[in-house]
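Survey of secondary and tertiary structure
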Amino acid sequence: QVQLVESGGGLVQAGGSLRLSCAASGSTGGINAMGWYRQAPGKQRELVAAIRGRGTTTYADSVKGRFTISRDNAKNTVYLQMNSLKPEDTAVYYCNLNDWYAQTYWGQGTQVTVSS
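We now turn to the structure provided with this report. (Residues numbered from 1 in each chain as written. Predicted model: local features only at pLDDT ≥ 70, side-chain atom pairs only at ≥ 80, totals over all residues. Heavy atoms only, no water.)

Once that is clear, we can look at the overall build of the chain. Across its full length, the chain holds zero helices and eleven strands. Helices and strands in the chain line up, N terminus first, as β-β-β-β-β-β-β-β-β-β-β. Radius of gyration (C-alpha) of the chain: 13 Å, near the 13 Å computed for a compact globule of 116 residues. The principal-axis extent of the C-alpha atoms belonging to the chain is close to 40 × 25 × 25 Å. Across the 116 residues that make up the chain, the buried fraction comes to 41%. Excluding contacts between residues fewer than 6 apart, the proportion of contacts in the chain whose partners are at least 24 apart in sequence is 54%. For the chain, the accessible surface area stands at approximately 6,300 Å², while carbon and sulfur atoms represent 46% of it. Computed over 11 positive and 7 negative side-chain charges, the inter-centroid distance for the chain is 4 Å. (Helix = DSSP H or I, 4+ residues; strand = E, 2+ residues; numbered from the N terminus. Rg over C-alpha atoms; globule rule 2.2 N^0.38 Å. Buried < 20%, exposed > 50% of the residue type's maximum accessible area, 1.4 Å probe, protein only. Contact = heavy atoms within 4.5 Å. Areas by Shrake-Rupley, 256 points an atom, 1.4 Å probe, with all protein chains shown as cover. Lys, Arg positive; Asp, Glu negative; His and termini not counted. Charge placed at Lys NZ, Arg CZ, Asp CG, Glu CD.)

Structure (structure tokens):
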């Protein structure tokens, strides 16, 4: 059983910063990639950023230059540093883990609200 525990969401003014954390625990088939998705009301869930074991990263165009994903392999933890936040970044952010057996796991989600 794999658990993903997220933290760090909250309310921030436009232009501010937040840092999300997601710690994975339990038995996995080895972590292939971890990342963050978000879902705003009435919209589909979308990829925000992902990082693979060797540090290769992927970002949504809308967050490039503002968000940074990083990973502590020893702690099975992934972070998302979010700077220059905009109201359109408001969403529930979900942590995601894909293991080497193609199993996908999700966190419970953490709310990020950016006020204008």
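Here we come to the sheet that holds strand E7 (residues 67-72). Here four strands make up an open sheet; going across it, the order is E1-E3-E8-E7 and the pairing antiparallel. The open sheet has two free edges, formed respectively by strand E1 (2-7) and E7, since each of these has just one partner strand. For this sheet, the mean inter-axis angle between neighbouring strands, taken without regard to orientation, is 15°. Bridging between strand E3 (residues 18-26) and strand E8 (residues 77-82) involves six bridges; their strand directions are antiparallel. (Pairing = 2+ DSSP bridges. Axes fitted to C-alpha atoms, helices over the stretch in contact; angles between N-to-C directions.)

Looking at the element boundaries, Arg66 is found in the loop between strand E6 (57-59) and E7. Judged by relative accessible area, Arg66 falls into the buried class, the value being 10%. On a C-alpha basis, the gap between Arg66 and Ser84 in space is 6.0 Å, while along the polypeptide they are 18 residues apart. Look past the residues within four positions of Arg66 in its chain and what remains in contact with it is Gln81, Met82, Asn83, Ser84, Leu85, Lys86 and Asp89. Within the structure, the side chain of Arg66 is placed 2.8 Å from the backbone oxygen of Ser62, a separation counted as a polar contact. (Polar contact = N/O pair within 3.5 Å; in protein donor to acceptor, adjacent residues only side chain to side chain.)

Before going further, it helps to spend a moment on the pairing of E8. The element E8 is largely enclosed, with a buried count of five among its six residues. By the bridge criterion, six bridges tie E7 to E8 in an arrangement that is antiparallel. Across the sheet, residue Arg71 finds its bridge partner in E8, namely Val78. Hairpin geometry of E7 and E8 is characterised by an intervening segment of four residues between the two adjacent antiparallel strands and by a positive phi of about 50° at Asn76.

Another point: the side chain of Asn96. Structurally, Asn96 is set in strand E9 (residues 91-99). A distance of 3.2 Å separates the side chain of Asn96 from the side chain of Asn98, its partner in a polar contact. Once residues within four sequence positions are removed from consideration, Asn96 is found in contact with Leu4, Ala33, Met34, Gly35, Tyr37, Thr104, Tyr105 and Trp106.

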